[in-house]
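# Understanding the architecture of this molecule
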Amino acid sequence: MNYKHFLILISLFFVSMQALPQSKMTKSDSIFFVEKTVFVPGISKATSTYKTPICPEGFNLELIGSDNLSVITKSGTIFTPLHDMTVHLLFKAIKKDNGSFMEIPYAVNVEGTHNNQGKNAKPFVIPSLREWHGDEGNFTLTTKSRIVIDAKQEATLTQAAKIFQDDLDKLCAIKPKILVGKPKAGDIFISLDGKNDELGAEGYSLSIRDYVSINAAQYKGAFWGTRTILQILEQDAKHSSLPKGISRDYPKYEVRGFLLDVGRKYFKIEFLRDYVKLMSYYKMGDFQIHLSDNGFAKHFNNDWDSTYSGFRLENERYPNLPTKGEFYTKKEFIDLQLLAEHYGINIIPEIDVPAHSLAISKAFPQIASKEFGKDHLDIKNPETYTIVENIFREYLEGENPVFRFKEVHIGTDEYAKKEAEPFRKFTDHFIKYVQTFGKDVRVWGALTHAEGVTPVTSKGVTMNAWYNGYADPLKMKELGYPLISTPDGFLYIVPAAGYYYDYLNLKYLYEKWEPVAVGDVVFKMGDPFIRGGMFAVWNDIPTNGITAQDVTDRVFPALQVLSEKMWSGENKTISFENFSDKVKFINEGPGVNLRGEISGKDALVVNYEMRGNNKDIKIINQVAYEKEGDRKVLNFKSNSSQAKLPYSEIGYNYTVIFKINPSENNTDDSVIFQSNHASVKLKQGKTSNFGFSHEGKDYDFGVAIPEKKWSTIAVSGDNNSTTLYLNGKLVKKLEREKIQVGTKTDSIYIMKTLFFPLDQIGDSKNSFIGKMKDLKVFNQILSEVQIQAIKEEE
């Protein structure tokens with residue numbers, strides 16, 4: 001070891017000592033240990049076992065962590081990578097006579113099988129392939145291609161093959177036959193012959209030659225391999241070509257997650273099912289569903305009874321507990337988890353107690369805290385324990401419980417500090433209670449905030465490290481809690497709240513963050529206590545007009561970046577700017593379109609003149625083409641007039657233009673366009689004004705559309721506003737608005753955005769009556785000058 005290398009190690013050791021308050025090894029012992037220990041900086045490709053460095057007499061040295069377990073495992077087994085790789089190892093040095101120890105990080109270079117990345121460049125996917133060696137030429141998917149399953153794993157892999165087949169049909173318009181046996185040229189072969197020590201639950205090897213081969217050790221790894229192939233095909237112009245080469249791909253971190261707060265904002269079960277597919281497409285394996293929570297009383301005049309709260313899961317024992325009209329049946333939630341199992345996703349259900357629990361105390365007023373507010377349960381009341389136990393039991397007991405996955409989150413966050421000891425007792429009790437059903441438990445970090453002497457078990461418990469003032473991550477590690485890095489200052493989205501992030505700082509996250517960073521504490525690479533990371537959407541302001549589509553607008557770009565950071569860690573081969581350019585060509589996965597994208601050869605993606613020759617417009621009821629002047633127009637004759645379009649909606653940024661001639665005396669709330677998410681109305685409520693509605697909220701532009709004459713209407717929308725033009729002139733731009741709520745000093749932002757609905761024109765019960773023509777949809781926002789020019793075309 002040269003002197004420079006020695007100084008680097010010493011500095012790393014002392015940083016490590018400072019980062020681990022439980023370390024007792026003295027400075028002199030540390031220096032002596034480093035001087036006398038022989039570290040090998042490189043490993044040749046012929047080596048199969050890593051030899052622990054030779055340390056001086058009186059000390060032991062143990063390998064406790066590796067940031068690449070598919071190259072160097074904790075047992076020291078070496079799996080030669082395709083190309084040279086640096087692996088960060090973490091050792092524990094122990095002095096025998098007094099048991100003092102310290103952690104020692106060490107980076108070692110492992111020689112790869114190949115000395116370059118080959119002829120074909122590594123294909124761009126999200127997350128990026130960990131290893132790649134390119135061959136020459138391309139594999140082409142054709143109508144003769146087949147999906148072939150290894151006969152030994154037919155029962156396990158059939159479901160993955162069926163999903164893959166359906167996805168190829170949606171993406172490539174090719175639906176390969178599925179069969180069991182041996183592959184031929186042109187086929188895609190899926191097997192589970194990989195080594196579990198090498199590939200783990202999620203790794204896989206990929207070979208693209210005359211046929212494509214995905215080989216994994218477990219189902220999830222094989223399924224991730226199909227996602228990689230789909231992403232490569234999606235970026236090919238003809239959706240048929242894959243570059244030949246070989247890859248080994250596997251995650252750096254076990255937990256790569258996203259949390260959605262459904263307690264303070266209800267999302268339909270179909271939305272959650274689409275999120276399972278979306279997350280799976282990016283290999284984000286943990287979907288935490290925050291099932292219960294409440295808004296802030298200050299936004300509701302400090303009246304707990306009127307403060308918004310939500311409990312989202314059917315409960316037969318306590319039928320008054322779920323939020324009326326806004327909960328998931330047990331069957332729906334079980335089906336969601338079954339879908340997640342097929343797509344490689346873990347569902348982490350969370351019922352948040354004993355704070356954030358207003359929905360529970362509304363159902364059971366007798367267990368509400370009289371001292372700290374009704375969102376706190378009275379944790380000194382024995383009945384609180386009984387009721388909370390019964391709530392969890394409902395979802396945990398039996399051979400086929402409602403909560404199917406291994407881990408369950410019990411909340412335990414932000415309770416009044418004054419009650420630290422009862423809070424710790426409550427937390428420990430419910431950890432152990434849930435564990436009696438064979439589950440592992442997740443909790444929010446709170447034990448620094450709730451400091452005390454009452455022990456809280458750490459065995460079988462993982463902690464979300466979200467704010468270091470509530471749970472010092474170093475102390476939590478010392479207490480034995482594995483951590484999921486969930487730092488609020490980096491990874492919390494609170495839509496339109498004015499605090500935390502509205503949209504995450506993606507450039508910073510891409511360039512600076514990965515899960516070893518928990519706030520201002522950075523753990524060593526390969527630390528086994530860092531299970532991974534998770535970002536979150538908290539819907540703190542339940543009445544602010546944020547829609548499910550607005551949430552996705554915030555989640556999707558973050559998902560792309562954080563998928564990369566949690567799977568691969570630091571990526572120095574591609575800049576953030578280059579990454580940002582490339583991600584535009586990878587979407588949400590086959591059949592998923594939460595962002596309402598409509599694409600075309602140019603910005604004009606829909607152009608229906610409505611002269612009678614629009615085959616895409618399906619007449620459902622009381623609609624007909626009628627001659628007017630030298631052309632035909634579409635006439636909506638009654639309140640039950642309906643016509644179907646081949647779309648659902650268009651998301652930001654868009655401009656929709658159409659000409660309309662309403663009849664006299666249209667009814668209140670008469671519908672022009674609608675989708676499952678929104679409706680655009682000729683008359684908004686009793687105002688007679690043009691407007692729109694979604695998720696129980698109504699908006700109008702303050703102007704009525706003239707009757708018995710043609711008008712050109714243009715609506716444009718982005719993630720912050722919705723704008724109306726009438727006959728080429730700007731009428732009104734509805735934008736984010738700050739309004740007073742609760743006390744005179746309290747306010748919130750109200751959003752007025754719209755994914756424009758394009759599923760149907762009219763309505764079965766309250767359609768507008770009148771005529772329509774010249775529907776144009778652009779997937780960009782047009783200027784007033786451009787809109788005026790379109791108006792003048794006819």
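Fair warning: this is a prediction, and the values are worked out from it, not measured in the lab. In this numbering scheme, every chain counts its residues from 1 along its sequence in written order. For a predicted model such as this one, the threshold for reporting local features is a pLDDT of at least 70, and the threshold for listing and counting side-chain atom pairs is 80 or more; totals across whole chains, interfaces and linings nevertheless cover every residue. Side-chain figures throughout are based on the complete set of non-hydrogen atoms in the structure, without hydrogens or water.

## Focus on the overall build of the protein chain
- Secondary structure counts use DSSP, requiring at least four H or I residues in a row for a helix and at least two E residues in a row for a strand, with both numbered from the N terminus. Each helix and strand in the protein chain was counted, giving 16 helices and 45 strands.
- Atoms considered for the radius of gyration are the C-alpha atoms alone. The globule rule reads 2.2 Å times the number of residues to the power 0.38. Its C-alpha atoms give the protein chain a radius of gyration of 29 Å, near enough to 28 Å, the size a compact globule of 794 residues would have.
- The principal-axis extent of the C-alpha atoms belonging to the protein chain is close to 100 × 70 × 50 Å.
- Each residue is assigned to one of three classes by its accessible area relative to the maximum for its type, calculated with a 1.4 Å probe on protein chains only: buried under 20%, partly exposed between the two thresholds, exposed over 50%. Per-residue burial for the protein chain yields a buried fraction of 59% across its 794 residues.
- Contact definition: two residues touch when any of their heavy atoms are within 4.5 Å. Within the protein chain, contacts between residues separated by at least 24 positions form 69% of all contacts whose residues are at least 6 apart in sequence.
- Here the protein chain displays about 32000 Å² of accessible surface, and carbon together with sulfur accounts for 49% of that area.
- As used throughout, the charge tally considers Lys and Arg to be positive and Asp and Glu to be negative, leaving His and the chain termini uncounted. A charged residue contributes its charge at one atom only: NZ of Lys, CZ of Arg, CG of Asp or CD of Glu. Of the charged side chains in the protein chain, 98 are positive and 100 negative; the average position of the first set lies 3 Å away from that of the second. Surface accessibility in these figures is a Shrake-Rupley result with a 1.4 Å probe; residues are shielded only by whichever protein chains are displayed.

## Concerning the environment of Tyr625
- Assignment of secondary structure puts Tyr625 in strand β29 (residues 623-628).
- Counting along the chain gives 13 residues from Tyr625 to Gly612, while the straight-line C-alpha distance between them is 5.8 Å.
- With residues near it in sequence (within four places) discarded, Tyr625 still touches Met610, Arg611, Gly612, Asn614, Ile617, Lys632, Val633 and Leu634.

## Some remarks on a nonpolar patch on the surface
- Only residues whose relative accessible area exceeds 30% and that form no salt bridge are eligible for patches; like-charged ones are grouped when within 9 Å, while nonpolar side chains (Val, Leu, Ile, Met, Phe, Trp, Tyr) are grouped when within 5 Å. What counts as a salt bridge is simple: a side-chain nitrogen of Lys or Arg found within 4 Å of a carboxyl oxygen of Asp or Glu. The grouping of Phe296, Tyr499 and Tyr500 at the surface amounts to a nonpolar patch, some 260 Å² of accessible area in total.
- Following the sequence through the fold, Phe296 ends up in the loop between β14 (292-294) and β15 (309-311).

## Digging into the sheet that holds strand β3 (residues 85-95)
- The strand order across the open sheet formed by 4 strands is β1-β4-β3-β2, and the pairing between neighbours is mixed. Single-partner strands in this sheet number two, and they are β1 (42-43) and β2 (59-66).
- To get an axis, fit a line to the C-alpha atoms, keeping to the stretch in contact for a helix; angles then go from 0 to 180 degrees between the N-to-C directions. Lying over the sheet, helix α2 (residues 27-36) contacts β2, β3 and β4 (101-110), oriented at roughly 80° with respect to β2. What makes two strands pair is DSSP finding at least two bridges between them.

## Notes on the environment of Tyr508
- Inspection of the secondary structure puts Tyr508 in helix α13 (residues 506-512).
- Taking the C-alpha atoms as reference points, Tyr508 and Phe490, separated by 18 residues in sequence, lie 8.9 Å from one another.
- With sequence-adjacent residues up to four places away left out, Tyr508 is seen in contact with Phe490 and Trp513.

## As for the nonpolar core
- What is meant by a nonpolar core is a set of buried Ala, Val, Leu, Ile, Met, Phe, Trp, Tyr and Cys residues, joined one to another through side-chain atoms within 4.5 Å. If you look at the biggest cluster of nonpolar residues, it comprises 163 residues, and the most contacted ones within it are Leu272, Phe287, Phe392 and Phe535.
- Among residues more than four places away in sequence, those in contact with Phe535 are Gly257, Phe258, Leu259, Met284, Leu491, Ile493, Leu504, Val555, Ala558, Leu559, Leu562 and Met566.
- Membership of the second largest hydrophobic core comes to 42 residues, among which are Phe692, Ile705, Leu724 and Val777.

## Some words on the environment of Met463
- Within the fold, Met463 resides in strand β21 (residues 461-465).
- Measuring from C-alpha to C-alpha, the distance between Met463 and Ser783 comes to 50 Å, with 320 residues separating the pair along the chain.
- With near-sequence residues (within four places) excluded, Met463 lies in contact with Val443, Trp444, Gly445, Leu447, Ala471, Met476, Tyr481, Pro482, Leu483 and Ile484.

## Here's the deal with the packing of helix α3 (residues 154-172) against helix α5 (residues 219-235)
- The contact between α3 and α5 brings their axes to 10 Å, and the two run at 10°. Classed by the angle they form, the pair α3 and α5 counts as roughly parallel. Residue-level inspection shows Thr156, Leu157, Gln159, Ala160, Ile163, Phe164, Asp167, Leu168, Leu171 and Cys172 of α3 in contact with α5, the latter providing Tyr219, Ala222, Phe223, Thr226, Arg227, Ile229, Leu230, Leu233 and Glu234.
- Amino acids outside the nonpolar list (Ala, Val, Leu, Ile, Met, Phe, Trp, Tyr, Cys, Pro) and the charged list (Asp, Glu, Lys, Arg) are all regarded as polar, and Gly is one of them. Looking at the contact of α3 with α5, its residues break down into 13 nonpolar, 3 polar and 3 charged. Roughly parallel here means an angle under 35 degrees, roughly antiparallel means over 145, roughly perpendicular means 65 to 115, and every remaining angle is called oblique.

## What about the packing of aromatic side chains?
- Any pair of Phe, Tyr and Trp rings, taking the six-membered ring for Trp, is counted once the centres come within 6.5 Å. Such a pair is stacked with planes under 30 degrees apart, edge-to-face with planes over 60 apart, and tilted for the rest. The tally for this structure, following the rule as stated, stands at 48 aromatic pairs.
- Three or more aromatic residues joined by ring pairs form one cluster here, namely Trp444, Trp466, Tyr467, Tyr470, Tyr492, Tyr499, Tyr500 and Trp538.
- Positioned above the aromatic ring of Phe267, the side-chain terminus of Lys265 is 5.3 Å from the ring centre.
- We call a charge positioned over a ring when the NZ of a Lys or the CZ of an Arg lies within 6 Å of the ring centre and within 35 degrees of the ring normal. Here the basic side chain of Arg595 rests over the ring of Phe556, its NZ or CZ set 3.9 Å away from the ring centre.

## A short note on the sheet that holds strand β34 (residues 671-674)
- Strand order in the open sheet formed by 7 strands is β28-β31-β44-β34-β35-β36-β37, and the pairing between neighbours is antiparallel. Only two strands of the sheet have a single partner each, and these edge strands are β28 (618-621) and β37 (697-700). The mean angle between the axes of side-by-side strands here comes to 20°, regardless of whether they run parallel or antiparallel.

## Some details on the pattern of salt bridges
- In this structure the tally under the stated criterion is 51 salt bridges.
- Residues Asp29 and Lys95 are paired through a salt bridge, measuring 3.0 Å at the closest nitrogen-oxygen approach. Pair noted here: Asp29 is in helix α2 and Lys95 is in strand β3, with a separation of 66 residues, a long-range link. A single burial state applies to Asp29 and to Lys95, both of which are buried.

## Looking at the confidence of the model for the protein chain
- As a per-residue measure, pLDDT tells how confident the predictor is, with possible values from 0 to 100. For the protein chain, per-residue confidence averages 95 on the pLDDT scale, and 97% of positions sit at 70 or higher.
- Here residues 1-22 scores under 50 on pLDDT; set against residues more than four positions off or in separate chains, the count is 38 contacts.

## Concerning the packing of helix α9 (residues 382-396) against helix α10 (residues 420-435)
- It is at 11 Å that the axes of α9 and α10 come closest, and there the two elements cross at 30°. Taken together, the axis directions place α9 and α10 in an arrangement best described as roughly parallel. At the point where α9 passes α10, the crossing takes the right-handed sense. Contact residues: α9 offers Thr384, Tyr385, Val388, Glu389, Phe392, Arg393 and Leu396, while α10 offers Pro422, Lys425, Phe426, His429, Phe430, Tyr433 and Val434.
- Looking at side-chain class alone, the contact of α9 with α10 contains 9 nonpolar, 2 polar and 3 charged residues. Two helices crossing with the near one rotated counterclockwise from the far one by less than a right angle form a left-handed crossing, whereas a clockwise rotation gives a right-handed crossing.

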